[in-house]
Amino acid sequence: MNQAITPAPVAPVAPAPAINAPSISSSAVLIDLSISTWTGRKLDKRASNDITAQNGAAKGVANVSKKLLGDCAELDAVQKFAANARNSHYSMTMPWSDLGMRLCPTKKYIDANGYERTMTELQTEFHRLVNVFLDAYSWEMQNAQLKLAGLFNPDEYPTRDALASKFKFRFVAIPLPDAGDWRLDIGNEAASVLRSGYEKFYGDQLKTAMSDVWGRAHDALSKMSERLDYADDTTKKVFRDTLVSNVQEIVDLLDTMNITADPVMTEAHRRLDAAMQGITPDALRADAYLRATTKRQVDEVKRIIDNLPGLGF
């Protein structure tokens, strides 16, 4: 008689690791911003070779980069505007990934004067400036022939349509997945490994994002503390109105950027908001007592940041 064989017990699958990073998927979105412009510059190989030969230098040690339109005010306006638009993007978001996407609190994104409205207005103005440049392009190209003289090469100038395609301004909000939300049709063990890896990334990026907020606050408060540190006209320190407006922006930052509901950041916001009520640059310049009181309150908030572990301020 054959003896029944009892199958070996199957080892239980290890549970997924606990999620330590707080979920912020409902309080923030990822922003993918892409702004591109035409540089209007070109490397001139012939001129580069001529320069090195004239100076007896080795080939390749010097390059001649020419501005195809010379000093074109319309192109400069587009390029400067694009740089300022990126700065606006950075000021309303926090770092997230090496790919360039940044984190924006949902509250900041949908606010009446928040990210979506601000960037849409900037996008509209960018395209207006681009059209102004494109309308001037033909005339500027004719002038460039006089400016560049022997360096002018008509083959280096794109058509208007080709040139228009080099200017882009696009932004999109992308939902942020939870650290524990791993929707893949794979085995439990593989899912556990992948979830653990993403959890670490999620936690690290969240820490970086919040450290960025604390860093901005620390810089603004340090500057105010230093500039207000004088008692009378004999030791007077000059400061611009932006000293106050920058700290007022930090008050808003500590509120809208607190996507983890951090009680320490909540308390820092409460104290700084109270300290900045009714404060104006002229009042600080005129009133020594107000300066001393404001500096003391600012230093108290700065001390909260200085005592946070792992930031190294």
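Remember, it's a predicted structure, so these values are computed and weren't measured experimentally.

What counts and what doesn't
Residues numbered from 1 in each chain as written. Predicted model: local features only at pLDDT ≥ 70, side-chain atom pairs only at ≥ 80, totals over all residues. Heavy atoms only, no water. Helix = DSSP H or I, 4+ residues; strand = E, 2+ residues; numbered from the N terminus. Buried < 20%, exposed > 50% of the residue type's maximum accessible area, 1.4 Å probe, protein only. Contact = heavy atoms within 4.5 Å. Expected span 1.5 Å × (residues − 1). Arc of directions from axis to C-beta. Polar contact = N/O pair within 3.5 Å; in protein donor to acceptor, adjacent residues only side chain to side chain. pLDDT = per-residue confidence, 0-100. Core = buried A, V, L, I, M, F, W, Y, C linked by side-chain atoms within 4.5 Å. Salt bridge = Lys/Arg side-chain N within 4 Å of Asp/Glu carboxyl O. Phe/Tyr/Trp six-rings, centres within 6.5 Å; stacked < 30°, edge-to-face > 60°. Axes fitted to C-alpha atoms, helices over the stretch in contact; angles between N-to-C directions. Parallel < 35°, antiparallel > 145°, perpendicular 65-115°, else oblique. Left-handed = near helix turned anticlockwise from the far one by under 90°. Pairing = 2+ DSSP bridges. Lys, Arg positive; Asp, Glu negative; His and termini not counted.

Asks: Which parts of the structure should I look at to understand the overall build of the protein chain?
Replies: Within the protein chain one finds 10 helices and six strands. The buried share of the protein chain, taken over its 313 residues, is 37%. In the protein chain, the share of contacts with a sequence separation of at least 24, taken over all contacts with a separation of at least 6, comes to 76%.

Asks: Help me out: how do you make sense of unusual backbone geometry in this one?
Replies: Only a minority of non-glycine residues have a phi that is not negative, and only a minority of peptide bonds are not trans. Even without being glycine, Ala149 reaches a positive phi, approximately 50°. Unusually for a residue other than glycine, Ala261 sits at a positive phi of about 55°. Relative to the assigned elements, Ala261 resides in the loop between helix 7 (242-256) and helix 8 (263-275).

Asks: Any chance you could explain helix 8 here in plain terms?
Replies: In an α-helix there are 3.6 residues to a turn, and that puts residues three or four apart on one side. Between its first and last C-alpha, helix 8 extends 18 Å over 13 residues, near the 18 Å set by a 1.5 Å rise per residue. For helix 8, the full list of buried residues reads Met265, Ala268, His269, Leu272 and Ala275. Considered in projection along helix 8, the buried side chains sweep an arc of 130° and stay on one side of the axis. At the N-terminal end of helix 8, a side-chain oxygen is found 3.0 Å from the backbone nitrogen of Val264, two or three residues along, and the residue is Asp262.

Asks: Help me understand the confidence of the model for the protein chain, please; the structure alone is not making it clear to me.
Replies: A low pLDDT means the predicted coordinates there should not be read in detail. Across the protein chain, the average pLDDT comes to 86, with 83% of residues at 70 or higher. Contacts of residues 7-20 to residues separated by more than four positions or lying in other chains number 13 contacts, the stretch itself having pLDDT below 50.

Asks: Mind showing me how you'd approach the nonpolar core here?
Replies: In terms of nonpolar packing, the biggest core is built from 40 residues, with Leu103, Leu254 and Leu272 touching the most fellow members. Considering every element that reaches this core, the biggest residue donor is helix 6 (residues 188-227), with 10 residues. Look past the residues within four positions of Leu103 in its chain and what remains in contact with it is Ile24, Ala28, Val29, Leu30, Thr93, Met94, Trp96, Leu176, Ala209 and Ile259.

Asks: Looking at this model, I keep getting lost on the pattern of salt bridges. Mind explaining?
Replies: Two side chains of opposite charge can pair, provided their charged atoms sit close to one another. Taken as a whole and judged by the stated rule, the model has 18 salt bridges. A salt bridge links Asp71 to Lys67, with the shortest nitrogen-to-oxygen separation between them at 2.8 Å. You can call Lys67 partly exposed: its relative accessible area is 28%. Across the salt bridge formed by Arg227 and Glu226, the nearest N and O atoms sit 2.7 Å from each other. The partly exposed category is assigned to Arg227, whose relative accessible area is 26%. By relative accessible area, Glu226 is classed as partly exposed at 36%.

Asks: Would you mind going over the packing of aromatic side chains with me for this structure?
Replies: Within the structure shown, the criterion is met by nine aromatic pairs. Ring pairs connect the aromatic residues Trp38, Phe133, Tyr137 and Phe167, which therefore count as one cluster.

Asks: Honestly, the packing of helix 7 against helix 8 in this entry has me stumped. Any pointers?
Replies: Describing two packed helices takes the angle between their axes plus the distance from one axis to the other. Two elements in contact, helix 7 and helix 8, have axes whose closest approach is 9 Å; the angle formed by their N-to-C orientations is 150°. Judged by the angle between their axes, helix 7 and helix 8 are roughly antiparallel. Viewed along their axes, helix 7 and helix 8 form a crossing whose handedness is left-handed. Contacts between helix 7 and helix 8 involve Val247, Ile250, Val251, Leu254 and Asp255 from the former and Met265, Ala268, His269, Leu272 and Asp273 from the latter.

Asks: Even after reading the chapter, I still don't get the pairing of strand 1 (residues 28-36), so can you show me in this structure?
Replies: Look at any regular strand and the pattern is simple: side chains alternate between the two faces of the sheet. Relative to strand 5 (residues 102-105), strand 1 runs antiparallel, the two sharing four bridges. From the neighbouring strand, Ile31 faces strand 5, where its bridge partner is Arg102. Summarising the sheet, strand 1 and strand 6 (residues 168-175) pair through eight bridges and their orientation is antiparallel. The residue of strand 6 that forms the bridge with Leu33 is Phe171.

Asks: Help me understand the side chain of Glu156, please; the structure alone is not making it clear to me.
Replies: Residue position: Glu156 is located in the loop between helix 4 (115-148) and helix 5 (160-164). Polar contacts involving the side chain of Glu156 include one to the side chain of Lys66, which spans 2.9 Å. Not counting the four nearest positions on each side in its chain, Glu156 is found in contact with Lys42, Lys66 and Leu68.

Asks: What's the story with the sheet that holds strand 5 in this structure? I'm lost.
Replies: Remark on secondary structure: sheet strands pair via backbone hydrogen bonds, oriented parallel or antiparallel. Sheet architecture is open: four strands sit in the order 4-5-1-6, paired in antiparallel fashion. Only two strands of the sheet have a single partner each, and these edge strands are strand 4 (94-95) and strand 6. Contacts between helix 2 (residues 73-91) and the sheet are confined to strand 1, strand 5 and strand 6, with strand 1 contributing the most and set at about 170° to the helix.

Asks: In this structure, what is going on with the side chain of Glu140? I would like to understand it.
Replies: Here Glu140 shows up in helix 4. In this structure Glu140 is buried but unpaired, with Lys147 as the nearest side chain of opposite charge at 4.1 Å. Those residues within four positions of Glu140 in sequence are excluded, and the remaining contacts are Leu69, Cys72, Glu74 and Lys147.

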